[in-house]
Amino acid sequence: MVELVGALVGSYFVGAIPTSFLAGKLLRGIDLREHGSRNLGATNVYRVMGAKVALPVGLFDLFKGMVPVLWISAWGPDWSGWPLLCGIAAILGHVFSVFVKFKGGKGVATAGGVVIALAPWAILICLGIWAAVTFSSGYVSLGSITAALAYPGLVYWLEPAQRPFILIHVAIALALVWFHRANIGRLRAGTENRFGRRGNTDAVRAAAGGQGA
């Protein structure tokens, strides 16, 4: 029992590492919760700080989902659903991070890391769906929502070992959509930020005390 709890807690804390928040504080001296979309995710990092910062932040968030599934889960029982539970703990850690008062990002990249570890073919197709919708519409949020809705069906189709846990995958997908509810409201109102539109970098630099990019 101690090992089970320890693995889940460890997975949560890996997911809870506030990558975007740390990038803003360490590299610009700003709190990303006060800039751009005010979300602690790689998309807002891109919007406020640019691609050179957003790319490593997004990759780190991805690995936050992979590490619990591939390595931390080894501490637990020999049950095929155990790695998925560790992955869920990591996603919850990212979204409800104890380090930023339980207000983290939306969990898309971390959930992507979980699915890469469990169902790599499904996530590759989801990535294609995300890219197609994002670049054709200009909305990252719409791409993320569409990919999230597609992924349970792809997991069921391409990963037979995950079929007994398909309801959990459905729950993850629905949770990701729920975490985007504010974006859905802005999409309906026509006020959602488009991909490629950077935030007010002058304001960011002023907040950072005039430091350059």
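Residues numbered from 1 in each chain as written. Predicted model: local features only at pLDDT ≥ 70, side-chain atom pairs only at ≥ 80, totals over all residues. Heavy atoms only, no water.

The next thing to look at is the pattern of salt bridges. Two side chains bearing opposite charge may form a pair once their charged atoms approach each other closely. Following the criterion strictly, the structure yields three salt bridges and no others. Residue Glu192 pairs with Arg186 through a salt bridge whose shortest N-O separation is 2.8 Å. With a relative accessible area of 10%, Glu192 lands in the buried category. For Arg186, a relative accessible area of 27% corresponds to the partly exposed category. (Salt bridge = Lys/Arg side-chain N within 4 Å of Asp/Glu carboxyl O. Buried < 20%, exposed > 50% of the residue type's maximum accessible area, 1.4 Å probe, protein only.)

Another point: the packing of helix H2 (residues 19-27) against helix H4 (residues 51-70). H4 packs onto H2 with a crossing angle of 145 degrees between their chain directions and a minimal axis gap of 9 Å. Taken as a pair, H2 and H4 cross one another with a handedness that is right-handed. The segment H2 lies against H4, with Thr19, Ser20, Ala23 and Leu27 engaging Val53, Val57, Phe60, Asp61 and Lys64. Its residues assigned to classes, the contact of H2 with H4 shows five nonpolar, two polar and two charged. (Axes fitted to C-alpha atoms, helices over the stretch in contact; angles between N-to-C directions. Helix = DSSP H or I, 4+ residues; strand = E, 2+ residues; numbered from the N terminus. Left-handed = near helix turned anticlockwise from the far one by under 90°. Contact = heavy atoms within 4.5 Å. Nonpolar A, V, L, I, M, F, W, Y, C, P; charged D, E, K, R; others polar.)

This part is about helix H9 (residues 166-179). Between its terminal C-alpha atoms H9 stretches 20 Å, which fits the 20 Å expected from 14 residues at 1.5 Å a residue. Within H9, the full set of buried residues consists of Ile166, His169, Ile172, Ala173, Leu176, Val177 and Phe179. For H9, the angular spread of buried residues about the axis comes to 165 degrees, placing them on one side. Looking at H9, the residues exposed on the side facing more than 90 degrees away from the buried face are Leu167, Leu174 and Trp178. Contact partners of the buried residues in H9: helix H5 (82-95), helix H6 (108-118), helix H8 (140-158) and helix H10 (181-189). (Expected span 1.5 Å × (residues − 1). Arc of directions from axis to C-beta.)

Turning our eyes to something else, we now look at the side chain of Thr134. Summarising the element assignment, Thr134 is placed in helix H7 (residues 120-137). With near-sequence residues (within four places) excluded, Thr134 lies in contact with Tyr139, Val140, Gly143 and Phe195.

In this section: unusual backbone geometry. With phi around 65 degrees, Arg38 is a residue other than glycine that occupies positive phi space. By the secondary structure assignment, Arg38 is in the loop between H2 and helix H3 (42-49). A positive phi angle, near 65 degrees, is found at Phe102, a position not held by glycine. Within the secondary structure, Phe102 is located in the loop between H5 and H6. Taking the relative accessible area as the measure of exposure, Phe102 reaches 47% and is therefore partly exposed.

Right, let's get into the confidence of the model for the protein chain. Of the residues in the protein chain, 92% reach a pLDDT of 70 or more, and the chain-wide mean stands at 89. Taken together, the stretch residues 200-213 has pLDDT below 50 and engages in 16 contacts with residues farther than four places along the chain or on a different chain. (pLDDT = per-residue confidence, 0-100.)

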